[in-house]
Amino acid sequence: MDNKTERNVSFRGSEEFLDIEIKEPVTHAAGYLGVREALKHTFKEMGVLRSMRTLLSMNQKDGFDCPSCAWPDPEHPSPVAEYCENGAKALGDEATREQISSGFFQKNSVEDLSRLTDYELNKFGRLIEPMVLKPGSVHYEPVSWQAAFDLIASELKKLDNPDEAIFYTSGRSSNEAAFLYGMFARALGTNNLPDCSNMCHESSGVALGETLGIGKGSTTLEDLYEAEVILIAGQNPGTNHPRMLSALEKCKQNGGKVISINPLEESGLVNFKNPQHLNGWIGGGEDMADIHLPVNINQDIPLVKLILKKLVVLDQQSKDVFDHAFIEKYTDGYDALINDLKNYDSEDLLKQTGVSEERINETVVLLANKSKIIVCWAMGLTQHKNGVENIREYINLLLLKGAIGKPNAGTCPVRGHSNVQGDRSVGIQHFIDKEMNERIKKHLGFTPPDQEGVDVVGSMKAMYEGNAKIFMCLGGNFLMAASDTEYTAKGIQNCDLTVQISTKLNRTHLITGKTALILPTIGRSEKDIKDGKARHFTVENSMGRVKRSKGILKPAADTIMSEPEIIANIGHAYFGDDHPMKWKTLGEDYDLIRTQIDQVAKGFSKTKERSKGAGYYLPNNVRELDFSMLPNGKAQFSINRLPHHDLEKDEYMMMTIRSHDQFNTTIYGLDDRYRGVYNARRVIFMNINDMKAIGLNKLDVVDITSTYDDKVRTAHNFKVVPYNIPSGNLASYFPETNVLVPYNHFAERSKTPISKSIKVRLVKK
Ligand SMILES: Nc1nc2c(c(=O)[nH]1)N[C@H]1C(S)=C(S)[C@@H](COP(=O)(O)OP(=O)(O)OC[C@H]3O[C@@H](n4cnc5c(=O)[nH]c(N)nc54)[C@H](O)[C@@H]3O)O[C@H]1N2
Ligand SMILES: Nc1nc2c(c(=O)[nH]1)N[C@H]1C(S)=C(S)[C@@H](COP(=O)(O)OP(=O)(O)OC[C@H]3O[C@@H](n4cnc5c(=O)[nH]c(N)nc54)[C@H](O)[C@@H]3O)O[C@H]1N2
Ligand SMILES: [Mo]
């Protein structure tokens, strides 16, 4: 297939403006308005009765797991409604009645479609037929399932080396699909298994692994209820994990305190009106954050260091601020940490944080005599050059306070995609796990490769440099999610074949390899029927609990196929019947996959039985205070450097964040109700004094540029919105500003792109 195609497609989409409207930001999250908004959206997409029936099954014991975030379900879900506004939107988006038939692609070329916005692309509805885009063509055309599987197999067979194929996974796939996918890549002979967590919580995984011996959090949902202090750093639960607010509400009602550490005062952290209680509809709701620390972007390390220095002083006076018995018994590196803290000047640290000393002192007083402390975090900590160190610094605080491995205390990295943690647990990873490889050999009967594969950044580079020929994606929207959109687009276009297993249309279906396939699949909320019987699959939530999920809706069309079946068919087309993995049968009977997961994936056992009802927790060494896998068998204090950005005089530090109307690259709507922005996404939030200083007025139009390694990148046409954000900091929405994130700048060790600390300039138009 060397017929070179230069399709005239746009990786940027439309950069036009609509009629933007700006209002005051809303301080309280959820409540009546949240429910109304959720239902409005879902009713429109799905119809009223279908919506109500489906919402009542979401996150219930015999129902399906919400396709939105990974927040866990309570032991006893509310029988009326165990969902949130954004879960309802995610459902409406997946179960929409809009559909894309083959006639659609006859009418619309990929070139024309690529000029639309991501919002417009998503609105076309569900993909329902397998489609192929042939070399030289700009129109997808229908293809039979078998022809699609055979095409993939024959292209894979042409490769000189299995490492010329890359297999990406987004975190919505079930454990069963992810397991088959990971094992297919290994059976083929490659560990090229990048996944969305490389752009997400990889820094958390690395930091937690290094310090506590497991790349996952240690708290359970119930731990939050009676914590004395919960720190929420770099996370916006009101929008991204709304059901977490119910847990925070319980904590507050039990006398706990909440501290928010964030450049922005995000609405759910100011006040929460719980729609499950009457006072959430008519009353004032629950005030959330007792202390808000408006830290400058990427200045968490100086902030935590300053807090630690102040705690050290108090501990020297009373000897009971730190848990010395815990430190002695379970940790390594205490003296080095305390000595290192002496190297920093408190005034300098304070200046770097941008926070008032009064607020920091309040925080120190609050923390001094408490030990049931939980730190929750998300992308505000992970997506920086020092993402791993950010998290390790917060872990230092927990270790000093003995707030690890006890009830109501510990680490809580709040995961993104609803099954991103499960996908990793069952083998989606580019690095080598020797023990898992041994189990694969023993139980699956083939020898997996022992050479590390590529992660997301590695995949982008491999494609750009022409070292990858086939790029397959199990869900997601790689082009828009990855950094440096132009670089990524060129890489993808270098491939001979790109394959998307997807539910909805996105830009990665339009910017493709020479040949491209769309393989439409069923979503979380839909029934997966085989021989008249409905099948279920399993997922793992943010807190390590494995449970079943079973959709209840009729699938979007009878021409779509489940993810495990698609992968099994690809496996069969490539390996045939004569392979130790019985691909065809695995795709038919998921219990067989679950048996293999039990044999191969660490901690899984009797999943078939134990995943029923509330499911079961995977083992977690931190909960057992077992650090035997770490140096000296102890949890590790760490010494983390201060961040240095060396901003030029006209440079700002910009973070790319989510609006209230999106799920990652899926844009549900154009409003960000909590931040008061309506009908627009091309906006940049800026401090009013910074605007005055350079003569910018509200809604002036600017281009944003970033300069790294002498290369200037530009995002065109953004309207300036004055906002309560610390001076020198800016915020814009992802994915529109991903064009500015350089492909070769990422977190040390985790390689997570620096999406939250991009040095930029503004150019007035
Ligand atoms: N509705 C909805 N739900 C989602 C998603 C979605 O897009 N929509 N995405 C899912 C996914 S995959 C993920 S990973 C999560 C993401 O969940 P979040 O991490 O909450 O998402 P972001 O919008 O990236 O917000 C990051 C927060 O960190 C703050 N921040 C940025 N830089 C810094 C910093 O240097 N220090 C501190 N302390 N704070 C900082 C920002 O102001 C912002 O409030 O949500 C998941 N849930
Ligand atoms: N600048 C910047 N970039 C970022 C981030 C940021 O904060 N700033 N966040 C990063 C983070 S945290 C993440 S997790 C990544 C997200 O990266 P991805 O996971 O790649 O992106 P999504 O937008 O979640 O993928 C959406 C697509 O998934 C498909 N899909 C939805 N449901 C299903 C399903 O059930 N099965 C299948 N097969 N397909 C499905 C649909 O076709 C939909 O268009 O983006 C990262 N990129
Ligand atoms: Mo994520």
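What you see is a predicted model, and the numbers here were worked out from it, not measured in a lab. (Residues numbered from 1 in each chain as written. Chains lettered and ligands numbered in written order. Predicted model: local features only at pLDDT ≥ 70, side-chain atom pairs only at ≥ 80, totals over all residues. Heavy atoms only, no water.)

A. Spatial organisation of the site of ligand 2. Around ligand 2, a shell composed of 30 residues is seen, among which Tyr 168, Ser 170, Glu 563, Thr 665 and Asn 738 lie nearest. The backbone of Gly 476 places a nitrogen or oxygen atom 3.0 Å from an oxygen atom of ligand 2. Bound to the protein, ligand 2 loses 97% of the 930 Å² it would expose on its own. Classifying every residue of the shell around ligand 2 gives nine nonpolar, 16 polar and five charged. Both domains that furnish three or more residues to the shell around ligand 2 are identified here as domain 1 (99–194 + 427–521 + 560–612) and domain 3 (643–764). (Near = heavy atom within 4 Å. Polar contact = N/O pair within 3.5 Å; in protein donor to acceptor, adjacent residues only side chain to side chain. Areas by Shrake-Rupley, 256 points an atom, 1.4 Å probe, with all protein chains shown as cover. Nonpolar A, V, L, I, M, F, W, Y, C, P; charged D, E, K, R; others polar. Domains from an automatic or database assignment.)

B. Structural context of the site of ligand 1. What surrounds ligand 1 is a group of 31 residues, the closest being Asn 262, Glu 266, Asn 298, Gln 662 and Asn 664. Contacts to ligand 1 include Asn 86, whose side-chain N or O atom sits 3.2 Å from a nitrogen atom. Backbone polar atom of Ile 261 to a nitrogen atom of ligand 1: 3.0 Å apart, as the coordinates give it. Breaking the shell around ligand 1 down by element, the ones donating at least two residues are helix H11 (237–240), helix H19 (379–382), strand E25 (652–657) and strand E26 (662–663). Residue classes in the shell around ligand 1 are distributed as 12 nonpolar, 15 polar and four charged. Among the domains, domain 2 (202–413) and domain 3 (643–764) are the pair contributing at least three residues each to the shell around ligand 1. (Helix = DSSP H or I, 4+ residues; strand = E, 2+ residues; numbered from the N terminus.)

C. Representation of the pattern of salt bridges in the model. For the coordinates displayed, the defined rule picks out 47 salt bridges. Linking Lys 504 and Asp 93 is a salt bridge whose minimum nitrogen-to-oxygen distance equals 3.2 Å. Placement of the pair is Lys 504 in the loop between strand E17 (497–502) and strand E18 (515–520) and Asp 93 in helix H3 (residues 85–94), with a sequence separation of 411 residues. One exposure class covers both Lys 504 and Asp 93, and it is buried. (Salt bridge = Lys/Arg side-chain N within 4 Å of Asp/Glu carboxyl O. Buried < 20%, exposed > 50% of the residue type's maximum accessible area, 1.4 Å probe, protein only.)

D. Up close: the side chain of Thr 331. Along the chain, Thr 331 turns up in strand E13 (residues 331–332). Residue class for Thr 331 comes out buried when judged on its relative accessible area of 7%. Apart from the residues lying within four places of it in its own chain, the contact partners of Thr 331 are Phe 326, Leu 399, Lys 634, Ala 635 and Phe 637. (Contact = heavy atoms within 4.5 Å.)

E. Just the nonpolar core, in detail. Phe 105, Phe 471, Phe 478, Ile 684 and Leu 762 are the most contacted members of the largest nonpolar core, which has 58 residues in total. A per-element tally of this core places helix H23 (residues 456–464) first, with four residues. Two domains each donate at least three residues to this core, and these are domain 1 (99–194 + 427–521 + 560–612) and domain 3 (643–764). Not counting residues up to four positions away in its chain, the partners in contact with Leu 762 are Tyr 652, Ile 684, Met 686, Leu 696, Val 702, Asp 703, Ile 704 and Leu 730. Membership of the second largest hydrophobic core comes to 57 residues, among which are Val 295, Leu 341, Tyr 344 and Leu 366. (Core = buried A, V, L, I, M, F, W, Y, C linked by side-chain atoms within 4.5 Å.)

F. Structural context of the packing of aromatic side chains. Within this structure, the stated rule accounts for 20 aromatic pairs. Measuring from centroid to centroid gives 4.0 Å for Tyr 464 and Tyr 487, while their planes differ by 15°, and the two rings are stacked. Within this pair, whereas Tyr 464 is found in helix H23, its partner Tyr 487 is found in helix H25 (residues 485–493), the two being separated by 23 residues in sequence. For Tyr 464, a relative accessible area of 35% corresponds to the partly exposed category. Ring geometry for Tyr 574 and Phe 575: centres 4.8 Å apart, planes at 80°, overall edge-to-face. (Phe/Tyr/Trp six-rings, centres within 6.5 Å; stacked < 30°, edge-to-face > 60°.)

G. Quick look at the UniProt feature "domain: Molybdopterin dinucleotide-binding" (unreviewed entry) in the protein chain. In the UniProt entry, the feature "domain: Molybdopterin dinucleotide-binding" (unreviewed entry) is given for residues 653–757. Secondary structure over residues 653–757 splits into 6% helix and 38% strand, and the C-alpha atoms at its two ends are 6 Å apart. (UniProt positions renumbered as here; feature names shortened; annotations may be inferred.)

H. Geometry of the side chain of Asn 396. Secondary-structure assignment places Asn 396 in helix H20 (residues 387–400). In this structure Asn 396 comes out as buried when scored by relative accessible area, which is 0%. Dropping the residues within four chain positions of it, Asn 396 is found in contact with Leu 308, Leu 337, Phe 637, Ser 638 and Asn 640.

I. Molecular detail of the state of the cysteines. Using the criterion set out here, one finds zero disulfides in the structure. Lacking any disulfide linkage, Cys 376 is separated from the closest cysteine sulfur, that of Cys 412, by 3.9 Å. (Disulfide = S-S within 2.5 Å.)

J. Structural detail: the pairing of strand E7 (residues 165–169). Within E7, five of the five residues are buried, which leaves the element mostly enclosed by the surrounding structure. Side chains of E7 alternate between two faces, with Ala 165, Phe 167 and Thr 169 and Ile 166 and Tyr 168 buried alike.

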